[in-house]
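Each chain, letter by letter, is given below.
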Amino acid sequence: MLRHITIAKHAALSTTSAVILLGTGLLYWNSFTMMPSILTGYPGDAFFPRIVLCAILLFATILLVGSLRAQFNPPPEPSALPEENEQRFPIDLLELATILVLSLGYMALIRPLGFEIVTAVFLFILLERRLRMPTGRRIIISASISIIAMMLIYVLFILGLRVSLPLLVFPSYVSF
Amino acid sequence: MQLKGLAMIIALISGVMIGILLGALPGFGASQSLALLFPLTFTMPADVAILFFLAVYSAAEYGGSIPAILIRTPGTPAQAVTVIDGHAMSANGYPKRALRTSLFSGVFGGVLSTLIFLVVGTTLARIALNFGPGEMFALGIFGLSIIGSFFGKDVARGFLATGIGLLLATIGSSGFGGMRFTFGQDYLMEGIPIVVVIIAFLAGPEALRLLVDHKNTVEDITSTSDAKEKRANDRFSLTDARNLLPTWVRSGLLGTFIGAIPGAGAAVASLIAYSQERRWCKNGDNFGKGAIEGIAAPETANNAVVAGTLVPTLTLGIPGSGAAAILLSVLISKGVAPGPLLFSNQPVLIATIFFGMIFINFWLLITGLIFTRGFAFVAYLPQRILGPFVILMVMIGTYSYANYAAHVVMVLVMAFVAYWFAKVEIPAVPVVLAFVMGPIIEENMARAMTIHSGNMIEVLTRPIALIILALALATFIYSVRSNIRDSTTPQIYDG
């Protein structure tokens, strides 16, 4: 099951550095499409980005070399720092994917369904899975907190700060 | 125009309270807060409008530290540095101490810079005038040398993150008619907003950490006596104040001077104050682990910037920051002409601003003390419960900036990248700080090169620029040597 995976730190850093190096190369190639200089003395649009890309290239290479060396030549003695000896870290892929889908769904549905429904449902789904209590009580408390939080955000952001969020039922302003 | 009258008092008190609230909301920095409140000033007399704005500005710079300390989400760019030790102290069980340190430091910085403003305002403005594009470029490079050197598990990671921040800042219009790295996408034409980067790299991974890594965390139930002992120690004492006095003075002076430099801003002031304090204070080795000086230095500096910003704004008509630009608009709309003779032509206005700033800081102290207990409550919430609210604030805060769903998608994507970066110990703070510094560096470099027909040597060998660049080089060499010599001495890692 791919829900929980553990990844070797040095391998993760090597891969990250390699991806950054690849991206740097592509962006450097893209910099040749930028506008040349239009003013005397001005070095052109690509000048500064290229300097930055070269710096990224340098430090990503240092990291890549360092992590590959650490991967294939581990230190003979444990490090003084306990965190140096933790060579792997866990990732909950399913939870990450859930958060991503819920968040994108929130943005996709906020217009058709309105801020009120989408916000309350979003909070409810996330809270319900995190409260440690019997099912019935958990559902009621999650629903109550979600609705109260949604209304607080409505009062603070929409009525108070005049932020324009798509509303289904509530008025966008209140006058007295 | 005199500091009296119920309207003035109400404006100052309400300005402080609104400023704290807006500053604490991700997506609402000082500039956005002032822009939002600009229409309210149309019916106010000039002195009331100016002080209302200064109240909001000062309070927002403090307000941004509240979420920075409690949920690792800076309310404004300047608090990206406060996050490091502020959140660490709060996570160690001392949220009130962290919040009160921030409060007292901010008030001290505000009062000190107000006094300096009154005494040497015009002199400071004349010195700041010597900072041309070359000097600003050099200051930016010095800032980068600090960012890359002091943040991150090692120098390579620190500078890599710095480079990524600079690269993100180049996306969009070059300012000379060209587009960079937009790949034909409309939403990248105007570049990536600073709010998006701050939220994505600081608040976003924190939200994911709370939601994913702490999904099943159940906090240890501490015994009643342990809890009582921790609560008893969770306070800001007179001893703390006495010990912090040197930090406050150093950072206040730095913040005031940097605030007087047009374009530098509170983020630069916080960063430089933090790095210098780490060098000077005896507790430097504990920076990054919840050191009280690590909170006091940036918070003193970023509040000192408020009065410092007034120096070029009032004496030269040059706004030192986005917030100052809005303040300048208010001044001009009320018929006040900024310039070198303002101090002599309008002594009553200057006195009003001076006493008003003192009152603002006094009221900020009172308000902060009253509400600290309430703010600290957030720190006691179980982390798994906090997660859903933080991710929701991330999305709504981003959306409220420009009502643009593409920004929220950008934040989500970058937040996942930042979460991964945290796993491989690439720090996020340098990305944000470099993103802020990038335009300062590139614009001033381009300006300097255009003025000097491309002769960069001429620019870099000006005395002030040369001194600053030498400091930058010394900082870089020092950090590389420290890193090589003693790899068991950790840098400040904000992950």
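Definitions and cut-offs
Residues numbered from 1 in each chain as written. Chains lettered and ligands numbered in written order. Predicted model: local features only at pLDDT ≥ 70, side-chain atom pairs only at ≥ 80, totals over all residues. Heavy atoms only, no water. Helix = DSSP H or I, 4+ residues; strand = E, 2+ residues; numbered from the N terminus. Buried < 20%, exposed > 50% of the residue type's maximum accessible area, 1.4 Å probe, protein only. Contact = heavy atoms within 4.5 Å. Patch = residues over 30% accessible without salt bridge, like charges linked within 9 Å, V, L, I, M, F, W, Y side chains within 5 Å. Areas by Shrake-Rupley, 256 points an atom, 1.4 Å probe, with all protein chains shown as cover. Salt bridge = Lys/Arg side-chain N within 4 Å of Asp/Glu carboxyl O. Expected span 1.5 Å × (residues − 1). Core = buried A, V, L, I, M, F, W, Y, C linked by side-chain atoms within 4.5 Å. Axes fitted to C-alpha atoms, helices over the stretch in contact; angles between N-to-C directions. Parallel < 35°, antiparallel > 145°, perpendicular 65-115°, else oblique. Left-handed = near helix turned anticlockwise from the far one by under 90°. Nonpolar A, V, L, I, M, F, W, Y, C, P; charged D, E, K, R; others polar.

Visitor: Account for the side chain of Arg138 of chain A, naming residues and giving values.
Guide: All names here are of chain A. Take Arg138: it is sitting in helix α5 (residues 135-160). According to the relative accessible area criterion, Arg138 is buried, its value standing at 18%. Not counting residues within four places of it along the chain, the set of residues in contact with Arg138 comprises Glu128, Leu131 and Met133.

Visitor: Could you give an account of a nonpolar patch on the surface, with specific residues and numbers?
Guide: Residues and elements named next belong to chain A. Together, Leu109, Leu113, Ile117, Val121, Ile125, Leu168 and Val169 make up an exposed nonpolar region whose accessible area comes to about 580 Å². Looking at the nonpolar patch, the elements that each hand over two or more residues are α3 (93-113) and α4 (115-128). Of all the elements, α4 adds the most residues to the nonpolar patch, at three residues. Mapped onto the elements, Ile125 comes out in helix α4.

Visitor: Which residues make up α4 of chain A, and what values do they have?
Guide: Over its 14 residues, α4 of chain A extends 20 Å from the first C-alpha to the last, a length consistent with the 20 Å expected when each residue adds 1.5 Å. Of all 14 residues in α4 of chain A, ten are buried, a share of seventy percent or more. Those residues of α4 of chain A lying buried are Phe115, Glu116, Val118, Thr119, Ala120, Phe122, Leu123, Leu126, Leu127 and Glu128 of chain A. On its buried face, α4 of chain A sits against α3 and α5 of chain A together with α9 (194-213) and α17 (383-402) of chain B.

Visitor: A description of the nonpolar core should follow, citing residues and the corresponding values.
Guide: Counting residues in each nonpolar core, the largest one holds 192 residues, and the members touching the most others are Tyr106 and Phe115 of chain A together with Leu54, Ile192 and Phe201 of chain B. The element contributing the most residues to this core is α9 of chain B, with 14 residues. Excluding residues within four positions of it along the chain, Tyr106 of chain A makes contact with Phe115, Val118, Thr119 and Phe122 of chain A together with Leu392, Met395 and Ile396 of chain B.

Visitor: Kindly report on the packing of α3 of chain A against α4 of chain A, identifying the contributing residues and their values.
Guide: All names here are of chain A. Direction vectors running N to C along α3 and α4 enclose 160°, while the axes themselves pass 8 Å from each other. Classified by the interaxial angle, the pair formed by α3 and α4 is roughly antiparallel. Handedness of the crossing formed by α3 with α4: right-handed. For the pair α3 and α4, the contacting residues are Ile99, Leu102, Ser103, Tyr106, Leu109, Ile110 and Leu113 in the first and Phe115, Ile117, Val118, Thr119, Phe122, Ile125 and Leu126 in the second. Here the contact of α3 with α4 is built from residues that sort into twelve nonpolar, two polar and no charged.

Bear in mind that shape data such as this cannot, by itself, settle questions of function.
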